[in-house]
Amino acid sequence: TGGHRMMGTFRREVSPRGGTLSIRKFREDPITIIDMLNLGVLDHKVAAYTWLLMENRATAVVIGSTGAGKTTLLNALLNFTRTNTKIITIEEVREVNLAHPNWTTLVSRESYGVTEEGPRGVGLFELVKAAMRMRPDVLVVGEVRGEEAYVLFQAISTGHGGLCTLHADDAASAIQRLVSKPMDVPPSFIPFLDLAYTVRRVTIPVAGGGFRSVRRIISV
């Protein structure tokens, strides 16, 4: 049939090796800093330093490439916050999972209207603005890449706690992305950021020969 011919063409031109579906599995129990320590992602000194700062509502950005473990680390950092802290997380795909009694999660929605009069999408920018009316103690954006970064840093500059992840190779390139379009965060807002964690996927030798891929915080 025509449908089979179209699917065959699609598979040859777009995905010659098979399906494009990928499944991401998440643990039912939230990732904690103990898991990070056991995996060797960070050491006890960095963990203790982070605990002190997170308890006092520090602002932080987790920097890394795709698959480096940014969201996993962000999840562990958020579990350091005090139990009476109001946390609001904003994501495109829900990945953060907290064992926290005062946590609200918001997820963006793509537009599904057929015409201009149809329902509009709800992006990260709109969600960040709406979250400010909820008076959060800590506002978390799963991954900043557009104009929502400007609103997030405005919140940070007025005393709110704020955390986010950002695709970049190191702190210098992350700041360059933040102050450039489409984020356009004013350079004067950058000092309000307390911490920048750079996490990478690195290869280490294994006893007995061979190598394995692991995640490591390489700078704070």
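Each remark here, short or long, concerns the structure printed above.
Described below are features of the structure shown in this document. Note that the structure is a prediction, hence the values are computed from the model and not measured. The written sequence of each chain sets the order in which its residues are numbered from 1. Residue-level local features of this predicted model are given only where pLDDT is at least 70; pairs of side-chain atoms are given and counted only at 80 or more, and the full residue set underlies all totals for whole chains, interfaces and linings. Working from all heavy atoms in the structure, the side-chain values ignore hydrogens and water.

Remarks on the sheet that holds strand β6 (residues 195-205)
For sheets, the rule is that strands pair by backbone hydrogen bonds, running either parallel or antiparallel. Two strands make a pair as long as DSSP finds a minimum of two bridges between them. For the purposes of this entry, the term helix denotes a DSSP run of H or I that reaches at least four residues, the term strand denotes a run of E that reaches at least two, and both are numbered from the N terminus. Taking strand neighbours across the sheet as the criterion, the seven strands line up as β3-β2-β4-β5-β1-β6-β7 in an open arrangement whose pairing is mixed. The outermost strands of the open sheet, each flanked by one partner alone, are β3 (103-107) and β7 (211-219). On average, adjacent strands in this sheet sit at an angle of 20 degrees to one another, irrespective of strand direction. Here strand β1 (residues 60-64) runs beside strand β5 (residues 161-167); their pairing, made up of five bridges, is parallel. Within the sheet, the bridge partner assigned to G64 lies in β5 and is H167. Every axis in this analysis is a line fitted to C-alpha atoms, fitted for helices over the stretch in contact. Angles between the N-to-C directions lie between 0 and 180 degrees.

Some details on the pairing of strand β2 (residues 87-91)
With five of five residues buried, β2 lies mostly within the body of the structure. A two-sided burial pattern is seen for β2, the buried positions comprising I87, T89 and E91 on one face and I88 and I90 on the other. Looking at chain direction, β2 and β3 are connected through five bridges and run parallel. Bridge assignment links I88 to a residue of β3, and that residue is T104. Examined bridge by bridge, β2 and strand β4 (residues 138-141) share four bridges and lie parallel to one another. Each bridged residue has a counterpart across the sheet, and for I88 the counterpart in β4 is L139. Relative accessibility under 20% of the residue-type maximum defines a buried residue, over 50% an exposed one, and the middle range a partly exposed one, all with a 1.4 Å probe and only protein chains included.

Focus: the nonpolar core
In this structure, M36, L42, M54, L73, L78 and L163 are the most contacted members of the largest nonpolar core, which totals 29 residues. The set of elements that each furnish at least two residues to this core consists of α2 (33-39), α3 (44-55), β1, α4 (70-78), β4 and β6. When residues in this core are grouped by element, the largest group, five residues, is from α4. Any pair of residues with heavy atoms lying within 4.5 Å of one another is described as a contacting pair. Setting aside chain neighbours within four positions, we find L42 in contact with I33, M36, L37, A47 and I217. Throughout, nonpolar core names a set of buried Ala, Val, Leu, Ile, Met, Phe, Trp, Tyr and Cys residues whose side chains join them through atoms within 4.5 Å. Counting 28 residues, the second largest nonpolar core, distinct from the first, contains V61, I88, L127 and I156.

What to know about the pattern of salt bridges
Salt bridges are identified by distance alone: a Lys or Arg side-chain nitrogen within 4 Å of an Asp or Glu carboxyl oxygen. On inspection of all chains with the given rule, the structure shows five salt bridges. Between R200 and D169 there is a salt bridge, with its nearest N and O atoms 3.3 Å apart. Residue R200 is located in strand β6, and its partner D169 is located in the loop between β5 and α7 (171-179); the two are separated by 31 residues in the primary sequence. A relative accessible area of 46% means that D169 is categorised as partly exposed. Residue D184 is joined to K181 by a salt bridge in which the shortest nitrogen-to-oxygen separation is 3.2 Å.

Structural notes on the environment of L53
As for its position among the elements, L53 is in helix α3. Taking the C-alpha atoms as reference points, L53 and F80, separated by 27 residues in sequence, lie 8.8 Å from one another. Excluding residues that lie within four positions of it along the chain, L53 makes contacts with A58 and L195.

So, the environment of R177
One can find R177 in helix α7. When the C-alpha atoms of R177 and L166 are compared, they prove to be 9.0 Å apart, with eleven residues separating the residues in sequence. Residues in contact with R177, not counting those within four places in the same chain, are R145, L166, H167 and M183. Whenever two N or O atoms come within 3.5 Å, that pair is a polar contact, provided that in protein one can donate a hydrogen and the other can accept it, and provided that, for residues adjacent in sequence, both atoms are side-chain atoms. One polar contact links the side chain of R177 to the main-chain carbonyl oxygen of H167, over a distance of 2.6 Å.

Quick word on the packing of helix α5 (residues 124-132) against helix α6 (residues 148-157)
Closest axis-to-axis distance for the α5/α6 pair is 8 Å, and the angle between their directions is 20 degrees. Taken together, the axes of α5 and α6 are roughly parallel relative to one another. Every pair of crossing elements has a handedness; the one defined by α5 and α6 is left-handed. Between α5, through L124, F125, V128, K129 and M132, and α6, the contact on the second element is made entirely by E148, V151, L152 and A155. When residues are grouped by polarity, Ala, Val, Leu, Ile, Met, Phe, Trp, Tyr, Cys and Pro land in nonpolar, Asp, Glu, Lys and Arg in charged, and all others, Gly among them, in polar. Partitioning the contact of α5 with α6 into residue classes produces seven nonpolar, no polar and two charged. Oblique is the label for every angle not falling under 35 degrees (roughly parallel), over 145 degrees (roughly antiparallel), or within 65 to 115 degrees (roughly perpendicular). Here a crossing is taken to be left-handed if its near helix is turned anticlockwise relative to the far helix by less than a right angle, and right-handed if that turn runs clockwise.

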